[in-house]
Amino acid sequence: DTGVSQDPRHKITKRGQNVTFRCDPISEHNRLYWYRQTLGQGPEFLTYFQNEAQLEKSRLLSDRFSAERPKGSFSTLEIQRTEQGDSAMYLCASRRSRDYRWPQHNEQFFGPGTRLTVL
Amino acid sequence: AQTVTQSQPEMSVQEAETVTLSCTYDTSENNYYLFWYKQPPSRQMILVIRQEAYKQQNATENRFSVNFQKAAKSFSLKISDSQLGDTAMYFCAFMKRTNDMRFGAGTRLTVKP
């Protein structure tokens, strides 16, 4: 396991279509995060999971967005009825739960991202 | 809400010189973590250095060091002996003990030969 992987790397779609992205975290990481990054900006938090439970969602995550992590391993992010404003890089990150014995485990490891272009 | 501010959209430095990137943040928390991440062009984000807020000693990782001023809520990154491979976007990030990470808008650093 060499790191966090995301699929696809690029997606071009027409406005109004639905798209789904996949993230495979590092295998022993029980926390998984989704971020959105627009050009020239830092990543913005969307949501995160601990195992299969979705524990927090940002206000950025409108009702057209849904994320799942059914078995506590890989996760999917679906955008329904895409809009041009959804065009961005969608980043996934994973880490272990915080453990006082290993503080370095609070580091989030990022995947390469899925670049979405909505025409 | 926590906010992270990077006031330098772009910076440049000559190879082998030293450069400092600024970051300030706003929080009411006492326990938290601060990070600098590097995002090279068309490549994924990687961690450069981390700092635990309860530690007074500034973190150091080889050519990278931070100046953490908790009272001033300042967290700058110093890169010594800059190398061409340091060219990238640099993001300062804040994380509470348990939750999501908040990023600044980034500083684009160019190392010139």
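Residues numbered from 1 in each chain as written. Chains lettered and ligands numbered in written order. Predicted model: local features only at pLDDT ≥ 70, side-chain atom pairs only at ≥ 80, totals over all residues. Heavy atoms only, no water.

What follows is about the overall build of chain B. Across its full length, chain B carries zero helices and twelve strands. Going from N to C terminus, chain B has its helices and strands arranged as β-β-β-β-β-β-β-β-β-β-β-β. In terms of overall dimensions, chain B has C-alpha extents of about 40 × 30 × 20 Å along its principal axes. With 113 residues in all, chain B has 50% of them scored as buried. Carbon and sulfur atoms make up 42% of the accessible area of chain B, which amounts to about 5,600 Å² in all. When the 13 basic and 10 acidic side-chain charges of chain B are each reduced to a single mean position, those positions are 5 Å apart. (Helix = DSSP H or I, 4+ residues; strand = E, 2+ residues; numbered from the N terminus. Buried < 20%, exposed > 50% of the residue type's maximum accessible area, 1.4 Å probe, protein only. Areas by Shrake-Rupley, 256 points an atom, 1.4 Å probe, with all protein chains shown as cover. Lys, Arg positive; Asp, Glu negative; His and termini not counted. Charge placed at Lys NZ, Arg CZ, Asp CG, Glu CD.)

Tallied over the full model, the rule gives two disulfides over all chains. Note on cysteine connectivity: Cys23 of chain A is disulfide-linked to Cys92 of chain A, with sulfurs 1.8 Å apart. Residues Cys23 of chain A and Cys92 of chain A are joined by a disulfide whose S-S torsion is about -70°; by sign, that bridge is left-handed. One end of the pair, Cys23 of chain A, is in strand 3 (residues 19-24); the other, Cys92 of chain A, is in strand 9 (residues 88-95), with 69 residues separating them in the sequence. The exposure class of Cys23 of chain A is buried, given its relative accessible area of 0%. In this model, Cys23 of chain B is linked to Cys92 of chain B through a disulfide, with the two sulfur atoms separated by 2.0 Å. Since a negative S-S torsion denotes a left-handed disulfide, the Cys23 of chain B-Cys92 of chain B link at about -70° is left-handed. In this pair, Cys23 of chain B is assigned in the loop between strand 3 (19-21) and strand 4 (24-26) and Cys92 of chain B in strand 10 (residues 88-96), connecting sequence segments 69 residues apart. The same class applies to Cys23 of chain B as to Cys92 of chain B, namely buried. (Disulfide = S-S within 2.5 Å.)

Here Asp7 of chain A and Pro8 of chain A are connected by a cis peptide whose omega angle stands at -5°. With respect to the helices and strands, the residue Pro8 of chain A is situated in the loop between strand 1 (5-7) and strand 2 (10-13). Phi at Arg81 of chain A is positive, roughly 50°, even though this residue is not glycine. Residue placement: Arg81 of chain A occurs in the loop between strand 8 (75-79) and strand 9. Positive phi values are uncommon outside glycine, yet Asp81 of chain B reaches one of about 50°. Relative to the helices and strands, Asp81 of chain B is located in the loop between strand 9 (74-79) and strand 10. Taking the relative accessible area as the measure of exposure, Asp81 of chain B reaches 40% and is therefore partly exposed.

This next bit is on the sheet that holds strand 3 of chain A. All names here are of chain A. With antiparallel pairing, four strands are arranged side by side in an open sheet as 1-3-8-7. Edge strands, defined here as strands with exactly one partner in the open sheet, are strand 1 and strand 7 (65-68). The sheet shows a mean angle of 15° between the axes of neighbouring strands, direction not considered. Here strand 1 runs beside strand 3; their pairing, made up of three bridges, is antiparallel. Residue pairing across strands places Asp7 opposite Arg22, the latter belonging to strand 3. (Pairing = 2+ DSSP bridges. Axes fitted to C-alpha atoms, helices over the stretch in contact; angles between N-to-C directions.)

A separate point is the confidence of the model for chain B. The predicted model of chain B has a mean per-residue pLDDT of 92, with 96% of residues at 70 or higher. Of all secondary-structure elements in chain B, the lowest mean pLDDT belongs to strand 11 (residues 101-103) of chain B, at 90, while strand 3 of chain B reaches the highest, 98. (pLDDT = per-residue confidence, 0-100.)

This part is about the confidence of the model for chain A. Detailed reading of the predicted model is not advised wherever pLDDT is low. Mean pLDDT over chain A: 90, with 92% of residues reaching 70 or higher. Mean pLDDT across the elements of chain A ranges from a minimum in strand 6 (residues 53-57) of chain A, with 90, to a maximum in strand 3 of chain A, with 98.

Bringing the side chain of Ser58 of chain A into the picture now. All names here are of chain A. Secondary-structure assignment places Ser58 in the loop between strand 6 and strand 7. With relative accessibility at 15%, the residue Ser58 sits in the buried group. Polar contacts involving the side chain of Ser58 include one to the main-chain carbonyl oxygen of Phe45, which spans 3.3 Å. Setting aside its immediate chain neighbours within four residues, Ser58 contacts Phe45 and Leu46. (Polar contact = N/O pair within 3.5 Å; in protein donor to acceptor, adjacent residues only side chain to side chain. Contact = heavy atoms within 4.5 Å.)

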